[in-house]
Every structure is written in C-alpha cells, then in structure tokens.
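An overview of the molecular structure
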Amino acid sequence: MSRWQKFLRRSGRERLLFVEALAGLCWDKARVHLLPFHRIARTFGAPQRETAKTISSTERAIAVEISWAVQAAARHAPISFVCLPQAIAAQRMLRRRGIASTLYLGVAPDRADPALLQAHAWLRAGDKILTGELEAVRHRPLAWFGWESPD
C-alpha cells in the first residue's frame, strides 16, 4: 500500500491534523531561519516556568494525536524539519486547543567531539514528551517556556 493510500485510510480528523502540522512546520522552519531567536522565543510562553505534569485524559489523547501528526508530517515531508520547528509547531497546535505545555531547549556533549555541544528542543504536555523524546533524555535543559491557557 502506498503512502498516499495509507493517508487516505486515516480518519478525516487525522488527515486535518497532519495538514495543520505540515503547514505549521513549514511556517516555523521559515521563522527559525529568518527571525532573530528572541522574537520567536517570546511566543513560547513564560520563560523558566514549567507547566503541571498532569492533564486530563481528554487533553492527553489530543496531545498524543498532535504528537503523531507533527512527527508524521516531519518524517514524510520532502524537506527536513529539525527538533525546534517540530516543538514550536506542536506547541502552537496545543495552544489552539487550550492545552498547557512546556517547550525545552537543552544541550549535550556532541557524540563525535565531546568538546562541542549539541542543541536540542522538545515539548512536554502533562507527563508526556510529544516531540524530541528520544534525544531529550541525554540533553540537559538550559531554558524552558511554559504556556497555560489564560482562563
């Protein structure tokens, strides 16, 4: 079965999430490359503030769907999307749905040259890491930004 056929077999909701994620990834990749970091970081939420490690089961289910959509869009797109645009896009999707999240920026020694540092970004909602999970465990967070619904 082709990728296109697999896509069409998904539910309408999943297809819409995938398209939303792909559009967000493209937008955020452009922003990361074109704008100064301090302008982008203002949109991440409150600096050095973490959100709660618990969210409702409904919110968790939505967060998992968003995680799938962002990772699938990043994996199947004809251009590459590194961790930062993925985390930003997923956070914006969660924000639209009023779900709190924390975006982390961290570093770890580079595997090829330990004198160098490797940067990584990941996103957490509740106790679930939604993007960048595999690499997050070896990176030390330097900054984090929490966003919670104002209501």
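Keep in mind it's a predicted model, so treat the numbers as computed, not measured. (Residues numbered from 1 in each chain as written. Predicted model: local features only at pLDDT ≥ 70, side-chain atom pairs only at ≥ 80, totals over all residues. Heavy atoms only, no water.)

**Side note on the packing of aromatic side chains**
- Inspection of every chain in the model, using the stated rule, returns four aromatic pairs.
- Relative to Trp68, the ring of Phe18 has its centre 6.4 Å away and its plane inclined at 45 degrees; by these criteria the two rings are tilted. Here Phe18 is found in helix α2 (residues 12-34), whereas its partner Trp68 is found in helix α4 (residues 57-76), with 50 residues between them in sequence.
- The class of Phe18 is buried, set by a relative accessible area of 15%. (Phe/Tyr/Trp six-rings, centres within 6.5 Å; stacked < 30°, edge-to-face > 60°. Helix = DSSP H or I, 4+ residues; strand = E, 2+ residues; numbered from the N terminus. Buried < 20%, exposed > 50% of the residue type's maximum accessible area, 1.4 Å probe, protein only.)

**With respect to the side chain of Thr51**
- Mapping Thr51 onto the fold places it in the loop between β1 (46-47) and α4.
- Owing to a relative accessible area of 5%, Thr51 belongs among the buried residues under this scheme.
- Only 2.7 Å separates the side chain of Thr51 from the side chain of Thr102, close enough to count as a polar contact. (Polar contact = N/O pair within 3.5 Å; in protein donor to acceptor, adjacent residues only side chain to side chain.)

**A short note on the pattern of salt bridges**
- Going through the model one piece at a time under the given rule, you end up with 12 salt bridges.
- Between Arg31 and Asp28 there is a salt bridge, with its nearest N and O atoms 3.3 Å apart. In this pair, Arg31 and Asp28 both sit in helix α2, three residues apart, roughly one turn of the helix.
- Look at Arg31 and you get buried, because its relative accessible area is 14%.
- The partner of Arg124 in a salt bridge is Glu50, and the shortest N-O contact between them spans 3.8 Å. With Arg124 in strand β3 (residues 117-125) and Glu50 in the loop between β1 and α4, this residue pair connects regions lying 74 residues apart in the sequence.
- Ionic contacts of the salt-bridge type, sharing partners, join the residues Glu20, Arg96 and Arg97 into one network. (Salt bridge = Lys/Arg side-chain N within 4 Å of Asp/Glu carboxyl O.)

These results come straight from atomic positions and should not be treated as a statement about function.
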